[in-house]
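Structural features, examined
Chain by chain, the residues:
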Amino acid sequence: MSIDIPSPTRPAGSAVAAGELRFVLVCGGVLVATAVLSHVLAVADGSRVPWISAVVFSVIGLQALLIVGLLLQRRWRREAELEAQTYRAELYHAMRLATVGELTASIAHEINQPLGAILSNADAAEMMLEGGQSPGNELREVIADIRLDAQRASGIVRQTRSMIGKRPVATGRVDLNQIVLDVRRFMSSALTHQGVALDLQLDAGPVVVTGDTVQLQQVVLNLAVNAMDATSDIAGLVRRIDIRTVRVTGDRIELTVSDNGHGIPEADVPRLFEPFFTTKAQGCGLGLSIARGIVESHGGRIGAGNQASGGAVFRLVFPAAPESMAASDSECAPLLGLSDGALHQRAMPPSPKASSTDGARG
Amino acid sequence: MEPAGNLILLVEDDDGMRAALARVLSVAGFDVRHFASAEAFQTSVGTVPPPHAVCLVLDLRLPGISGLELMHWMKTKSFRLPVVMVTAFDNAAAHEQARQAGAASCLLKPFAGQALLAAVRGAIEAGARAGAP
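What you see is a predicted model, and the numbers here were worked out from it, not measured in a lab.

With respect to the overall build of chain B
The helix and strand tally for chain B stands at five helices and five strands. Walking chain B from its N terminus toward its C terminus, one meets helices and strands in the order β-α-β-α-β-α-β-α-β-α. Within chain B, the fraction of its 133 residues that count as buried is 53%. Considering only intrachain contacts with a sequence separation of at least 6, the fraction spanning at least 24 residues in chain B is 64%.

Written out as structure tokens, the structure is:
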């Protein structure tokens, strides 16, 4: 597979403005020195102030105006940049909402599971009490399960909130493996619902980049949701997404998201990351363009292509975070606050193999 | 009070939900055999309903073989047992599919334990009327 990774584009506006200003200041300084010198000489001479002094002072005035103008322009430019940053953050956030929005049905499903369990458990508890016996320990088990399920429901809410919440950009050390695990956790219900297998092949060591957790999650989530959509109409095959992280060299980390869908038409590949280019019926065409924006703002690059076997593959390359910052894994704690399996500490009724019935208690 | 058989088969992948449903059913006096997947059900139960089995409570959406697929499989194997489908998806098409596949009823999660018991008893009665073994 060959993936064309376009070079990032970087604005250089502020450097130009600083150059102009320096030039004007130097010229102004030379002119002021000349004028002051000739004026002082003329006054010391006792002769009339020469006409050239008048001209030079006018020029000095103009120069001063120009300097003020340039300073103002610089300030406006900075304000515009800040405004653009704010709009960009709003746009990223809106896109994140849209991506998470595609998973709404699954999130509702996921939250209905613990709610349903709570309802059933409450009913069971009531029936136990109405049964007239003192159910003691059994009731305690029910209460413990209700508590677990309530925590599970609130965990899903917390998780969703952390995905869609507005947060200032926070740059730090981020383990891409953890990002992938967070995204898998977040999508697990949708994946099961749609019958998509997600295979992870994560680099054994932490693959740490410098960046913003939420933005990086957004990129991986976006690519994974796209991959899930891309496999929706394959017939007779197990729908598959593969996410892989690998430290290519000491200072380069690669993350790939591939699927076994129909792939990207060759003609579309070059335009894939252009804003408003979409192949989805309900897409707005901003997801991938924003993904590229985020990746490039992390000093990375993103490219897309097709695998030999047919499906699409997106390849992201990031510079690894410098090791010097005392790489402790605790800094890369899961953002979602939930690790896989943390919630499955429930006392299950006996499994079918261990005992064929749960015992009649009526 | 209950018909001759008293055994409910339950297939539900969500641990919490499975535990809760099994508890409601067993407190109501049923015996319960529960499975976390359709595959586990097929392996353990085989192609003949166990003696005393009166109803299958089946989650529509399961990893691997789905609830609907399991129902079709049962049909091909002439595995006859009244089915109560449960789902967390408020999806009219899914409910319709469940009914077409022969489910006695389809409950939308979250539902009360009493609603499950009513559906299960309804399915058992309907099954008995239809002359199911």
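As for the overall build of chain A
If you tally the helices and strands in chain A, you get seven helices and seven strands. Counting from the amino terminus, chain A carries its helices and strands in the arrangement α-α-α-α-β-α-β-β-α-β-β-α-β-β. Sorting the 362 residues of chain A into buried and exposed places 31% on the buried side. Of all intrachain contacts in chain A linking residues separated by at least 6 positions in sequence, the fraction that spans at least 24 positions is 76%.

With respect to the interface of chain B and chain A
Tallying the contact residues gives 31 residues for chain B and 35 residues for chain A. The set of elements that each furnish at least two residues to the side of chain B that touches chain A consists of α1 (15-27), β2 (31-35) and α5 (113-129) of chain B. In terms of residues, the side of chain B that touches chain A owes the most to one element, α1(B), which gives 11 residues.

Considering the packing of helix α2 (residues 51-101) of chain A against helix α4 (residues 136-164) of chain A
At their nearest, the axes of α2(A) and α4(A) sit 9 Å apart, and the two run at 140° to each other. Residue-level contacts link Arg96(A), Leu97(A) and Val100(A) of α2(A) to Thr160(A), Met163(A) and Ile164(A) of α4(A).

Some points on the sheet that holds strand β3 (residues 53-59) of chain B
All names here are of chain B. Pairing in this open sheet of five strands is parallel, and the strands run β2-β1-β3-β4-β5 from one edge to the other. This sheet does not close on itself; its edge strands, each paired only once, are β2 and β5 (105-108). Taken over all neighbouring pairs, the strand axes of this sheet differ in orientation by 20° on average, direction set aside. Two elements, strand β4 (residues 83-87) and β5, share four bridges in a ladder whose sense is parallel. Considered in β5, the bridge of Met 85 is made with Cys 106.

A word on helix α5 (residues 176-194) of chain A
Residue and element names in this part refer to chain A. Spanning 19 residues, α5 covers 25 Å between terminal C-alpha atoms, matching the ideal 27 Å at 1.5 Å per step. The sharpest bend along α5 comes to roughly 55°, located at Met 187. Looking one or two residues past α5, Gly 195 carries a phi angle of roughly 70°, positive in sign.

Examining α5(B)
Since the α-helix turns once every 3.6 residues, residues separated by three or four places project in the same direction. With 17 residues, α5(B) extends 24 Å between its outermost C-alpha atoms, agreeing within 8% with the 24 Å of an ideal straight helix rising 1.5 Å per residue. All of the buried residues in α5(B) are Gly113(B), Leu116(B), Ala119(B), Val120(B), Ala123(B) and Ile124(B). In an axial view of α5(B), the angular spread of the buried residues amounts to 135°, which keeps them on one side of the axis. Contacts made by the buried residues of α5(B) are with α3 (104-130) of chain A together with β1 (7-11), α1, β3, β4 and β5 of chain B.

Side note on the sheet that holds strand β5 (residues 252-259) of chain A
Residues and elements named next belong to chain A. Judged by pairing direction, the sheet is mixed, and its five strands sit side by side in the order β2-β4-β5-β7-β6 without closing on themselves. The sheet terminates laterally at β2 (196-201) and β6 (301-306), the two strands that pair on one side only. The mean angle between the axes of side-by-side strands here comes to 15°, regardless of whether they run parallel or antiparallel. Sheet topology places β6 next to strand β7 (residues 312-319); six bridges connect them, and they run antiparallel. Its bridge partner being in β7, Gly 303 is matched across the sheet by Arg 315. In the packing of α5 onto the sheet, contacts are made with β2, β4 (239-249) and β5, and the angle to β2 comes to roughly 165°. Sheet contacts for helix α7 (residues 287-297): β6 and β7; angle to β6, the most-contacted strand, approximately 135°.

Considerations on the nonpolar core
In this structure, Ile8(B), Cys55(B), Val57(B), Val83(B) and Val84(B) are the most contacted members of the largest nonpolar core, which totals 58 residues. Grouped together as the second largest cluster of nonpolar side chains are 51 residues, Leu103(A), Val174(A), Val183(A) and Val257(A) included.

As for the pairing of β4(A)
All names here are of chain A. Sheet analysis places β2 next to β4, joined by six bridges and oriented parallel. Its bridge partner being in β4, Leu 200 is matched across the sheet by Ile 243. Hairpin connection between β4 and β5: a loop of two residues separates the two successive antiparallel strands.

Considering the packing of helix α6 (residues 213-230) of chain A against α7(A)
Residues and elements named next belong to chain A. Across the interface, α6 lies against α7 with an axial gap of 10 Å and an inter-helix angle of 145°. Handedness of the α6/α7 crossing: left-handed. Where α6 approaches α7, its residues Gln 215, Gln 218, Val 219, Asn 222, Leu 223 and Asn 226 are matched on the opposing element by Gly 287, Ala 291, Ile 294 and Val 295. Looking at the contact of α6 with α7 residue by residue, the classes come out as five nonpolar, five polar and no charged.

Examining the confidence of the model for chain A
Residue and element names in this part refer to chain A. Considering every residue of chain A, the mean pLDDT works out to 80; 81% of them sit at 70 or more. A low-confidence stretch, residues 8-13 stays under pLDDT 50, and its non-local contacts, those more than four residues away or across chains, total three contacts. Taken as a whole, residues 351-362 scores under 50 in pLDDT and shows 25 contacts with residues more than four places along the chain or in a different chain.

Details of unusual backbone geometry
All names here are of chain B. With an omega of 0°, the peptide bond between Lys 109 and Pro 110 qualifies as cis. Looking at the element boundaries, Pro 110 is found in the loop between β5 and α5. Phi angles above zero are rare outside glycine, and His 52 is one such case at about 75°. Position of His 52 among the secondary structure elements: in the loop between α2 (38-45) and β3. Judged by C-beta crowding, with 13 C-beta atoms within 10 Å, His 52 ranks as partly exposed.

Rules of the game
- Residues numbered from 1 in each chain as written.
- Chains lettered and ligands numbered in written order.
- Predicted model: local features only at pLDDT ≥ 70, side-chain atom pairs only at ≥ 80, totals over all residues.
- Helix = DSSP H or I, 4+ residues; strand = E, 2+ residues; numbered from the N terminus.
- Buried ≥ 20, exposed ≤ 12 C-beta atoms within 10 Å, placed from the backbone.
- Contact = placed C-beta atoms within 7 Å.
- Axes fitted to C-alpha atoms, helices over the stretch in contact; angles between N-to-C directions.
- Pairing = 2+ DSSP bridges.
- Expected span 1.5 Å × (residues − 1).
- Bend = angle between axes of the 7 residues up to and from the residue.
- Arc of directions from axis to C-beta.
- Core = buried A, V, L, I, M, F, W, Y, C linked by C-beta atoms within 7 Å.
- Left-handed = near helix turned anticlockwise from the far one by under 90°.
- Nonpolar A, V, L, I, M, F, W, Y, C, P; charged D, E, K, R; others polar.
- pLDDT = per-residue confidence, 0-100.

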